[in-house]
Amino acid sequence: MSIWLCRAGRFGEHEARFLENNKIYFTFEEIDKPLNSFSGRAAIQQYFLEKAPTLKERAALNFASQAHIFSSRMSVDDWVITPSKNLPGILHFGKIVGEYAFDTEVEDCYRHSRSVEWFSDVPKSVFEQDIQYSLGAAITTCQIKQEARIKKAVSLFHPAPNSEQMFTPPPPENSPFRDIETESLDAISDFIIQNFKGDGLAHIVAAILRAKGFVTYVSPKGPDHGVDILASAGSLGFSSPKICVQVKSTNDAIDRIVLDQLIGTMANVGAEYGLLVSWSGFRSSVERERAMQFFKVRLWSKKEIIEELLACYSSLDDEIKQKIPLKRIWTLDIGDE
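Scoring rules and cut-offs
Starting afresh in each chain, residues are numbered from 1 along the sequence in its written order. Residues qualify for local features only when their pLDDT is at least 70, as the model is predicted, and side-chain atom pairs are given and counted only at 80 or more; totals for whole chains, interfaces and linings, by contrast, use all residues. Based on all heavy atoms of the structure, the side-chain values leave hydrogens and waters out of the count. We call a set of buried residues a nonpolar core when its members are Ala, Val, Leu, Ile, Met, Phe, Trp, Tyr or Cys and they connect through side-chain atoms within 4.5 Å of each other. A 1.4 Å probe rolled over the protein chains alone gives each residue an accessible area, and that area as a share of the maximum for its type sets the label: buried under 20%, exposed over 50%, partly exposed in between. By definition, any uninterrupted DSSP run of H or I lasting at least four residues is a helix, any uninterrupted run of E lasting at least two residues is a strand, and each is numbered from the N terminus. We call two residues in contact when some of their heavy atoms are within 4.5 Å. When DSSP locates at least two bridges between a pair of strands, those strands are taken to pair. Note on method: axes are straight lines fitted to C-alpha atoms, helices fitted across the in-contact stretch only, with angles between N-to-C directions ranging 0 to 180 degrees. For classification purposes, angles smaller than 35 degrees are called roughly parallel, those larger than 145 roughly antiparallel, those between 65 and 115 roughly perpendicular, and all remaining angles oblique. Throughout, a crossing is termed right-handed when the near helix is turned clockwise from the far one, and left-handed when it is turned anticlockwise from it by less than a right angle. Charged residues are taken to be Asp, Glu, Lys and Arg, nonpolar residues to be Ala, Val, Leu, Ile, Met, Phe, Trp, Tyr, Cys and Pro, and polar residues to be all remaining types, Gly included. Looking down the strands as they point away from the viewer, one classifies a crossover as right-handed if the path from the first strand across the helix to the second runs clockwise. For this analysis, a salt bridge means a side-chain nitrogen from Lys or Arg found within 4 Å of a carboxyl oxygen belonging to Asp or Glu. Whenever two N or O atoms come within 3.5 Å, that pair is a polar contact, provided that in protein one can donate a hydrogen and the other can accept it, and provided that, for residues adjacent in sequence, both atoms are side-chain atoms.

Here the focus is the nonpolar core. The nonpolar side chains of a soluble globular protein tend to be buried with one another. Ranked by internal contacts, the top residues of the largest apolar core, which has 32 residues, are Ile-192, Val-205 and Val-245. Looking at this core, the elements that each hand over two or more residues are helix H6 (180-195), helix H7 (199-211), strand S9 (229-233), strand S10 (239-248), strand S11 (273-278) and helix H10 (302-311). In terms of residue count, H7 provides more of this core than any other element does, eight residues in total. If sequence neighbours within four positions are ignored, Val-205 has contacts with Ile-229, Val-245, Val-247, Leu-275, Val-277 and Trp-300. Judged by nonpolar contacts, the second largest core, of 26 residues, contains Ile-24, Phe-26, Tyr-47 and Ile-96.

Here is the structure:
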């Protein structure tokens, strides 16, 4: 039995779909034909290069190797690990129960899939440090080599409130390459949800909107009647666009009813547009409405929140910057080499 790492997007944007549909996906959008129809990795690499001419050859080989793993090397009864971005420090464990499948009737990034039975959520902290480093590898889909030790740790783990690490990890030996950028984004993400859950997340979104030039009204604590934030342009906030914002920081992806409630509230308060913010993403019933509501509503998940926060950080209120202290650093960019 092999164990595979399969990420649900850099910001966990596909995590809700993974769990809701009991599947893992090869989310690269460039391949619009079955992965198992290629003769091998070289053929997939060439296809990547033809579809994306600006892609470096080494990057195309990397993507092709992951496609080959997903379609040909994974097997039924293998385990898969998907690190959660919505539940800090949690790893979703599943068993593969289906062969590779290709579906042309779904969105591009969900065409390639395997069915999975999710059987446990395990804190990353129960694993030894070298395993944690392996799970932080700078790749979307890969094999994790420490199968026996991982299985033992999972078998020993019994979820309980305030559960502690099961053993003391030894110092790592020959640790694999670490994705420092991903680790930094994870740290920022964990800090935000631990310190700004609930009303706090609405204040972050409002600060982002103010940095973009909007005048904002943030509902006080208590019943908000579907209005967390109102935002509008102009020096006094009397100009268009007028936006009604609903912010959700729950651990679960939100359903269509929340979108419908926002659209109704927009009419009640005279808003021209809506912004629906969900830290844990959206269920498929909401995702299906993206195109239909494109000219009326925008959807922000954790991915967009963090991207917007980093993009306008220097223009944020001093109070927010003090509460979320970030420092820009320079690091060597070796690209795909």
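Once that is clear, we can look at the pairing of strand S3 (residues 79-83). A large share of S3 lies buried, amounting to five of its five residues. In this sheet, S3 lies alongside strand S1 (residues 3-6) in parallel orientation, the contact comprising three bridges. Following the sheet pairing, Ile-3 is matched in S3 by Trp-79. Summarising the sheet, S3 and strand S4 (residues 90-96) pair through five bridges and their orientation is antiparallel. Following the sheet pairing, Ile-81 is matched in S4 by Phe-93.

Another point: the packing of helix H2 (residues 41-51) against helix H3 (residues 57-73). Axis angle and axis distance: for two packed helices, these are the angle between their axes and the distance between the axes, and together they describe the pair. Contact pair H2 / H3: the axes reach a minimum separation of 8 Å and the direction vectors enclose 130°. Taken together, the axes of H2 and H3 are oblique relative to one another. In the crossing of H2 with H3, the sense of the turn from one axis to the other is right-handed. Residues Arg-41, Ile-44, Gln-45, Phe-48 and Leu-49 of H2 form the contact with H3, whose participating residues are Glu-57, Ala-60, Leu-61, Phe-63, Ala-64, Ser-65, Ala-67 and His-68. Counted by class, the contact of H2 with H3 contains eight nonpolar, three polar and two charged residues.

The next point concerns the pairing of S11. Burial runs high along S11: five of the six residues are buried. With six bridges connecting them, S10 and S11 associate as parallel partners. Within S11, the position partnered with Val-247 by the bridge is Val-277. Between the parallel elements S10 and S11, the chain passes through helix H8 (residues 256-269) in a crossover that is right-handed. In terms of strand pairing, S11 meets strand S12 (residues 297-300) through four bridges, oriented parallel. Paired with Gly-274 across the bridge in S12 is Val-297.

Ordered by their spatial adjacency, five strands build an open sheet running S8-S9-S10-S11-S12, and the pairing between neighbours is mixed. Two strands in the sheet have a free side with no partner beyond their single neighbour: strand S8 (215-218) and S12. Averaged over all pairs of adjacent strands, the angle between strand axes in this sheet comes to 20°, irrespective of strand direction. In this sheet, S10 lies alongside S9 in antiparallel orientation, the contact comprising five bridges. What sits directly across from Ala-231, in S10, is Ile-243. H8 rests against S9, S10, S11 and S12 of the sheet, and its axis sits at about 145° to S11.

All right, on to the pattern of salt bridges then. The tally for this structure, following the rule as stated, stands at 16 salt bridges. Of the charged contacts, one joins Arg-256 and Glu-289 as a salt bridge, the two residues approaching to 3.4 Å between their closest N and O atoms. Note that Arg-256 is positioned in helix H8 and Glu-289 in the loop between helix H9 (284-287) and S12, a separation of 33 residues in sequence. By relative accessible area, Glu-289 is classed as buried at 16%. Here Asp-318 makes a salt bridge to Lys-321, at a shortest N to O gap of 3.9 Å. Placement of both Asp-318 and Lys-321 in helix H11 (residues 318-323) is noted, with a separation of three residues, approximately one turn of the helix. A residue is classified by how much of its surface remains accessible, and Lys-321, at 23% relative accessible area, is partly exposed. If you follow the salt bridges from partner to partner, you end up with Glu-128, Asp-130 and Arg-149 in one network.

It is worth spelling out the side chain of Ser-278 at this point. Structurally, Ser-278 can be placed in strand S11. Within the structure, Ser-278 has its side chain in polar contact with the backbone oxygen of Gly-281 (distance 2.7 Å). In contact with Ser-278, other than residues within four places in its own chain, are Lys-248, Ile-254, Trp-300, Ser-301 and Lys-302.

Geometric values such as these leave the question of function open.
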